[in-house]
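Here is what each chain is made of, one letter per residue.
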Amino acid sequence: MNPVTEATAPEAKKPALPDAQTVTQVKHWTDRLFSFRCTRPASLRFRSGEFVMIGLMGDPHPKTGKPKPLLRAYSIASPSWDEEMEFYSIKVPDGPLTSKLQHIEVGDEIILRPKPVGTLVHDALLPGKRIWFFATGTGFAPFASLLREPQTYEDYDEVIITHTCREVGELTYGAELIESLKHDELLNEVIGEGFWKKIKYYPTTTREESPKMGRITDLLRSGEAFEDLGVPPLKPETDRAMICGNLAFNQELKALFEEEYGLEEGANSKPAHYVVEKAFLD
Ligand code: A2P
């Protein structure tokens, strides 16, 4: 090796990240939550409700010195027709990925593996009259996609979205998204003027005062949620549901569905009455 040549050589252009996409927008909703948008790989096709692996380059390996990608599963929050990708994320101060990801800015690159998968898709459900989306925290993300998906309104007469969070500020991303549908000219034209009137939005908080307090699981069990929404309890003949939240929430709802309402879990290969996906936490 010639040290002179090396020292004077112009700085080589850094190689781009593998599967790199460029950040186009970042919004911080609370000190624990943010969303961002990035470019979409030209070849990427996905179904609204699916997830992909995204991340950043991690620290170099202590022995080999080679940096390793640090990836996590993220539900795609944008609908399948959107020309960009959107994600909704928690910020975990000591989380391996989100402690870094929360600092991304417009123009930065992220890694996005273009292999979408997931169970929260319309194909996994039998036809029905009413669809329920049950979310806690960042579990709202796949529903942000499905609420902007024309098929949701073509397939169902009523779309009920429940979102349980600890604090009121954590509801803002979802509340603003639902409000924005009313003024979305493209969707009102494509799906039909006033399509958003099919939506019944039921936000609840558990640790801060708000108009509706309590875990959705308790509100279903007591019957209060059905009274508030003006609909009967779920039943296999009419109701379909998708669940996305923390593990305990998913398990509790699953048990309630099967034991109380007689619903059966569906899959891509065998559509039925409800499907579950966990919100991926760092
Ligand atoms: P709670 O405040 O009573 O724990 P987290 O941020 O921990 O993921 O929780 C998000 C929301 O989900 C909180 O409002 C939390 O309520 C609620 N939650 C947690 N576990 C369950 C469960 N098993 N059933 C229903 N809601 C739950």
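For the structure, see preceding data.
Residues numbered from 1 in each chain as written. Predicted model: local features only at pLDDT ≥ 70, side-chain atom pairs only at ≥ 80, totals over all residues. Heavy atoms only, no water.

**Student:** How do you make sense of the overall build of the protein chain when you look at a structure like this?
**Tutor:** Secondary structure assignment for the protein chain yields nine helices and eleven strands. Taking 2.2 N^0.38 as the reference for a compact globule, 282 residues should give roughly 19 Å; the C-alpha atoms of the protein chain span a radius of gyration of 21 Å, in line with that estimate. Considered along the principal axes of its C-alpha atoms, the protein chain spans approximately 80 × 40 × 35 Å. Residues counted as buried form 48% of the 282 residues belonging to the protein chain. Here the protein chain holds 33 positive side-chain charges and 44 negative ones, and the gap between their average locations is 5 Å. (Helix = DSSP H or I, 4+ residues; strand = E, 2+ residues; numbered from the N terminus. Rg over C-alpha atoms; globule rule 2.2 N^0.38 Å. Buried < 20%, exposed > 50% of the residue type's maximum accessible area, 1.4 Å probe, protein only. Lys, Arg positive; Asp, Glu negative; His and termini not counted. Charge placed at Lys NZ, Arg CZ, Asp CG, Glu CD.)

**Student:** I'm lost on the site of the ligand in this one. Help?
**Tutor:** If you check the shell around the ligand, you find 13 residues, and the closest are Arg166, Thr206, Arg207, Arg215 and Glu252. The separation between an oxygen atom of the ligand and a polar side-chain atom of Arg215 is 2.9 Å. In this structure, Phe249 approaches the ligand through a main-chain N or O atom, which is 3.4 Å from a nitrogen atom. When the free accessible area of the ligand is taken as 550 Å², the share hidden by the protein chains comes to 84%. Among the secondary structure elements, those contributing two or more residues to the shell around the ligand are β8 (158–165) and α9 (247–261). For the shell around the ligand, the element with the highest residue contribution is α9, accounting for three residues. Of the residues belonging to the shell around the ligand, the class tally is three nonpolar, five polar and five charged. (Near = heavy atom within 4 Å. Polar contact = N/O pair within 3.5 Å; in protein donor to acceptor, adjacent residues only side chain to side chain. Areas by Shrake-Rupley, 256 points an atom, 1.4 Å probe, with all protein chains shown as cover. Nonpolar A, V, L, I, M, F, W, Y, C, P; charged D, E, K, R; others polar.)

**Student:** Sorry, what's going on with the sheet that holds strand β1 (residues 20–28) here?
**Tutor:** Two pairing modes exist for strands in a sheet, parallel and antiparallel, and in both the strands are linked by backbone hydrogen bonds. Across the sheet, which stays open at both edges, the six strands sit in the order β4-β3-β6-β1-β2-β5 with antiparallel pairing between neighbours. If you trace the sheet from one side to the other, it starts and ends with β4 (67–75) and β5 (84–90), each paired once. Strand-to-strand, the axes of this sheet are offset by a mean angle of 40 degrees, without reference to chain direction. (Pairing = 2+ DSSP bridges. Axes fitted to C-alpha atoms, helices over the stretch in contact; angles between N-to-C directions.)

**Student:** Is there a simple way to think about the pairing of strand β10 (residues 239–245) in this case?
**Tutor:** When a strand is regular, its side chains alternate between the sheet's two faces. A large share of β10 lies buried, amounting to seven of its seven residues. Side-chain alternation along β10 places Asp239, Ala241, Ile243 and Gly245 on one buried face and Arg240, Met242 and Cys244 on a second face that is also buried. Looking at chain direction, strand β7 (residues 130–136) and β10 are connected through six bridges and run parallel. For Ala135, the partnering residue across the bridge sits in β10 and is Cys244. Note: β10 against strand β11 (residues 274–278), five bridges, orientation parallel. Bridge pairing in β11 links Met242 to Val275. Handedness of the crossover joining β10 and β11 through α9 is recorded here as right-handed. (Right-handed = clockwise from strand over helix to strand, strands pointing away.)

**Student:** Explanation requested: helix α5 (residues 172–182) in the structure shown.
**Tutor:** Inspection of α5 places Tyr173, Gly174, Leu177, Ile178 and Leu181 among the buried residues, and these make up the whole buried set. Down the axis of α5, the buried side of the element spans an arc of 125 degrees, and every buried residue falls inside it. (Arc of directions from axis to C-beta.)

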